[in-house]
Amino acid sequence: VLEAVKLLKLWLLKRNLNNGNGSFNNFIINMYVAYLLTTRQVNSLMSSYQIFRIALLKLSEANWHTNGISLKDSHKPNEINKAHNIISTQDFHKYYEVVFVDPTGYLNLTSKLSKHTFLRVKHEAKLGLEMLNNEFIDNFDNLFIKNQD
């Protein structure tokens, strides 16, 4: 899992997506992998390549700007969450463009992330998947070595 996180951080770095205020920073990518583990979309028996690929796939499909995600009791139905006064991701959407709630249920990890930046990450994830799916060209350099600014 740690190697996959390193690959994801390098991928973000080469696209200049994890630098500066309001970026899709390394902490967000760490928490995202934790979310994928918690929701059993990846597991520790998978290779770093498999986890990297699934993370890109899920990012390319994600709609955190319309339907945020949460590490707080993400496996429990909304009725249980409401009974325990857990703030819903929809409530966070009233105040933030992009929503990814931490394990406490009270903090939006992407509070400074703009919709534009998130959509760029999503687009780059889709491009990364297309590179991985191209069996005729080795795109290792394009994914991890060359800057893609």
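Residues numbered from 1 in each chain as written. Predicted model: local features only at pLDDT ≥ 70, side-chain atom pairs only at ≥ 80, totals over all residues. Heavy atoms only, no water.

Some thoughts on the overall build of the protein chain
Check the secondary structure of the protein chain and you find seven helices and two strands. Reading the protein chain from its N terminus to its C terminus gives the helix and strand order α-α-α-β-α-α-β-α-α. Computed over its C-alpha atoms, the radius of gyration of the protein chain comes to 16 Å, within 12% of the 15 Å expected for a compact globule of 149 residues. Dimensions of the protein chain along its principal axes, counting C-alpha atoms only, are 55 × 35 × 20 Å. Burial analysis of the protein chain (149 residues in total) assigns 42% to the buried set. Here the analysis covers contacts within the protein chain between residues at least 6 apart in sequence; of these, 65% occur between residues at least 24 apart. Summing over all exposed atoms, the protein chain offers an accessible surface of approximately 8,600 Å²; the carbon and sulfur share of this is 52%. The averaged location of the 13 negative side-chain charges in the protein chain is 4 Å from the averaged location of its 17 positive side-chain charges. (Helix = DSSP H or I, 4+ residues; strand = E, 2+ residues; numbered from the N terminus. Rg over C-alpha atoms; globule rule 2.2 N^0.38 Å. Buried < 20%, exposed > 50% of the residue type's maximum accessible area, 1.4 Å probe, protein only. Contact = heavy atoms within 4.5 Å. Areas by Shrake-Rupley, 256 points an atom, 1.4 Å probe, with all protein chains shown as cover. Lys, Arg positive; Asp, Glu negative; His and termini not counted. Charge placed at Lys NZ, Arg CZ, Asp CG, Glu CD.)

Quick notes on the nonpolar core
Within the largest apolar cluster, 36 residues are counted, with the highest numbers of intra-cluster contacts made by Trp11, Phe24, Tyr32, Leu56, Leu59, Trp64 and Phe100. Mapped onto this core, the elements with two or more residues apiece are helix H1 (2-14), helix H2 (26-38), helix H3 (48-61), helix H6 (115-133) and helix H7 (140-145). Among the elements that line this core, the one with the most residues is H2, at seven residues. Setting aside chain neighbours within four positions, we find Leu56 in contact with Leu8, Trp11, Ala125, Gly128, Leu129 and Leu132. (Core = buried A, V, L, I, M, F, W, Y, C linked by side-chain atoms within 4.5 Å.)

Quick notes on the packing of aromatic side chains
On inspection of all chains with the given rule, the structure shows seven aromatic pairs. On the basis of an interplanar angle of 25° and a centroid distance of 5.1 Å, the ring pair of Trp64 and Phe118 is categorised as stacked. Taken together, the positions of Trp64 in the loop between H3 and strand S1 (69-70) and Phe118 in helix H6 put the pair 54 residues apart, joining distant regions of the chain. For the pair Trp64 and Phe118, one class covers both residues: buried. (Phe/Tyr/Trp six-rings, centres within 6.5 Å; stacked < 30°, edge-to-face > 60°.)

Details of the pattern of salt bridges
Across all of its chains, the model carries two salt bridges by this definition. Put simply, Arg15 and Glu124 hold a salt bridge, and the shortest N to O gap is 3.3 Å. In this pair, Arg15 sits in the loop between H1 and H2 while Glu124 sits in helix H6, placing the two residues 109 residues apart along the sequence. A relative accessible area of 1% means that Arg15 is categorised as buried. Close ionic contact of Lys94 with Asp91 constitutes a salt bridge, the shortest N to O distance being 3.4 Å. On the accessibility criterion, Lys94 (62% relative accessible area) is exposed. (Salt bridge = Lys/Arg side-chain N within 4 Å of Asp/Glu carboxyl O.)

Observations concerning the packing of H2 against H3
Viewed as axis vectors pointing N to C, H2 and H3 meet at an angle of 100°, and their least axial separation amounts to 11 Å. One element, H2, and the other, H3, form an angle in the roughly perpendicular class. Counted together, Ile29, Tyr32 and Leu36 of H2 and Ala55, Lys58 and Leu59 of H3 form the full contact between these two elements. Classifying every residue of the contact of H2 with H3 gives five nonpolar, no polar and one charged. (Axes fitted to C-alpha atoms, helices over the stretch in contact; angles between N-to-C directions. Parallel < 35°, antiparallel > 145°, perpendicular 65-115°, else oblique. Nonpolar A, V, L, I, M, F, W, Y, C, P; charged D, E, K, R; others polar.)

With respect to H6
In an α-helix, one full turn covers 3.6 residues, which means residues spaced three or four apart are oriented alike. Given a rise of 1.5 Å per residue, 19 residues ought to cover 27 Å, and the 27 Å separating the end C-alpha atoms of H6 matches this to within 8%. Among the residues of H6, Thr117, Phe118, Val121, Lys122, Glu124, Ala125, Gly128, Leu129, Met131 and Leu132 are the ones counted as buried. On its buried side, H6 packs onto H1, H3 and H7. (Expected span 1.5 Å × (residues − 1).)

Digging into unusual backbone geometry
The backbone of Asn16 shows a phi angle near 55°, a positive value even though the residue is not glycine. By relative accessible area, which is 40% here, Asn16 ends up partly exposed. One non-glycine residue with positive phi stands out, namely Arg40, at about 60°. Within the fold, Arg40 resides in the loop between H2 and H3.

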